[in-house]
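Chain by chain, the residues:
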2 protein chains.
Amino acid sequence: MGGPEIDRLVGLLAKLPGLGPRSARRAALKLLQQPDTRMLPLAQALVEAAKAVKHCHICGNLDAQDPCTICADPNRDRSLICVVEGVGDLWAIERAGAHRGLYHVLGGVLSPLGGIGPEDLNLGPLLTRLADGTVTEVILALGATVDGAATVHWLSERLAGAGVAVSRVAHGVPMGGALEVLDDGTLSTALRARRPA
Amino acid sequence: MGGPEIDRLVGLLAKLPGLGPRSARRAALKLLQQPDTRMLPLAQALVEAAKAVKHCHICGNLDAQDPCTICADPNRDRSLICVVEGVGDLWAIERAGAHRGLYHVLGGVLSPLGGIGPEDLNLGPLLTRLADGTVTEVILALGATVDGAATVHWLSERLAGAGVAVSRVAHGVPMGGALEVLDDGTLSTALRARRPA
């Protein structure tokens, strides 16, 4: 529809998470109707971000500076490292303002089915960061999936000799969540992990 | 999060229909993780489409050629013009393969509340297209909204003297639709517009 340029644009937009073929066409149409105010600015933003943004060599975060804004921030608590699977998790925790320490992006979780083994994870640099004794606690903030839980187990064993406390995020009923719509696993976990009221 | 380049990219992505702030961040992250295979190709596709795609001077469609692929196609039925509100409607009808004639993009529907009057619609060029007698029927394929219905009414009066048959698309129960979930307006219309079985 409308020539190869439109087809190509729709095809690339449709690969973005959250957009399917139908919404990609709507997005392309919206862009095509405002080439100068929407389309070219987006193209420019993509090029500039691709040029500027790199992985932080310390923690693995994506940022326009290296070390990243968080690693370079003198006000962050350097004794606390929060280990996350990906940069999206880091962003989510930052948006929530839920952590005042540093991060370490693991780049994945162990997944025998997905072919992801220990050697695929960004573990070496984490061990290096723990070596000088500044860090006193590592918080494992991985997803409550089978692979996430296996990775938490494996990591806590690997970190046992590093001289730091190792903790993991709590699992239970999400805030604002009604009990009746929760899955069995979450309900069982929430009951088992009950605390004094 | 991650510097002004990322913020700017997320902000522009969040303005696309179908993406909100949260999905725009996910999309930006996905792109940032594959700068060369996803991000720069998308930037290039945007620039190329912005350069190549124009409105067809005959029907108002968006296409890399002018007249557009449809207006230039010798196999289309030139006696039939389907009037639509926007290019998205034209694309939808084409995807359905539901029309073998030509199109005319009105560029909107009359909307007293939205401040859209007759002078804002692409009507003059339609009247010009009807002048040489090739066209025998104009199909009004506008949305079944209050504004759409008012525009159909107004257009059929304006086209009364043009020597062409004027029709409008049927309204009723959508194909595959269960009656019990339909709104009252659609049910009433479907019953009133009943036909011999």
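Residues numbered from 1 in each chain as written. Chains lettered and ligands numbered in written order. Predicted model: local features only at pLDDT ≥ 70, side-chain atom pairs only at ≥ 80, totals over all residues. Heavy atoms only, no water.

Here's the deal with unusual backbone geometry
Here is step 1 of the chain: Here the bond from A:Asp66 into A:Pro67 is cis, since omega is 0°, no more than 30 degrees from zero.
Here is step 2 of the chain: Tracing the backbone through its elements, the reader meets A:Pro67 in the loop between strand 2 (62-63) and helix 4 (69-72). (Helix = DSSP H or I, 4+ residues; strand = E, 2+ residues; numbered from the N terminus.)

With respect to the pairing of strand 5 (residues 137-141) of chain A
Residue and element names in this part refer to chain A.
Here is step 1 of the chain: In terms of burial, strand 5 is a largely internal element, four of the five residues being buried.
Here is step 2 of the chain: Two strands pair when backbone bridges link them, and strand 5 and strand 6 (residues 165-168) are joined in this way by four bridges, in the parallel orientation. Bridge pairing in strand 6 places Val138 opposite Val166. (Buried < 20%, exposed > 50% of the residue type's maximum accessible area, 1.4 Å probe, protein only. Pairing = 2+ DSSP bridges.)

Observations regarding the pattern of salt bridges
If the charged atoms of two oppositely charged side chains come close together, the side chains can form a pair.
Here is step 1 of the chain: Taken as a whole, this structure holds four salt bridges over all chains when the rule is applied.
Here is step 2 of the chain: With a closest N to O distance of 3.3 Å, B:Glu48 and A:Arg8 form a salt bridge. One end of the pair, B:Glu48, is in helix 3 (residues 35-52); the other, A:Arg8, is in helix 1 (residues 4-14), on a second chain.
Here is step 3 of the chain: Judged by its relative accessible area of 32%, B:Glu48 falls in the partly exposed class.
Here is step 4 of the chain: Between B:Glu94 and B:Arg76 there is a salt bridge, and its shortest N-O distance comes to 2.8 Å. Remark: B:Arg76 occurs in the loop between helix 4 (69-72) and strand 3 (77-84) and B:Glu94 occurs in helix 5 (residues 87-96); sequence separation between them is 18 residues.
Here is step 5 of the chain: The exposure class of B:Arg76 is buried, given its relative accessible area of 6%. (Salt bridge = Lys/Arg side-chain N within 4 Å of Asp/Glu carboxyl O.)

Quick look at helix 2 (residues 21-33) of chain B
Here is step 1 of the chain: A rise of 1.5 Å per residue sets the reference length of helix 2 of chain B, with its 13 residues, at 18 Å; its end C-alpha atoms lie 18 Å apart and thus fit the reference within 8%.
Here is step 2 of the chain: For helix 2 of chain B, the full list of buried residues reads B:Ser23, B:Ala24, B:Ala27, B:Ala28, B:Leu29, B:Leu31 and B:Leu32.
Here is step 3 of the chain: The elements touched by buried residues of helix 2 of chain B are helix 3 (35-52), strand 2 and helix 5 (87-95) of chain A together with helix 1 (4-14) and helix 3 of chain B. (Expected span 1.5 Å × (residues − 1). Contact = heavy atoms within 4.5 Å.)

Section: the relation of the copies chain B and chain A
Here is step 1 of the chain: Under the fitted operation, chain B is carried onto chain A by 0.0 Å of movement along the axis and a turn of 180°, and the coordinates agree to an RMSD of 0.0 Å. The superposition operator between the copies reduces to a two-fold rotation axis. For chain B, the smallest separation between a C-alpha atom and the rotation axis is recorded for B:Ala43, amounting to 2.1 Å.
Here is step 2 of the chain: The residues that chain B uses at the interface reappear at the interface of chain A in 100% of cases, marking a shared surface. (Least-squares fit on C-alpha atoms with pLDDT ≥ 70 in both.)

So yeah, pure geometry; function would need other evidence.
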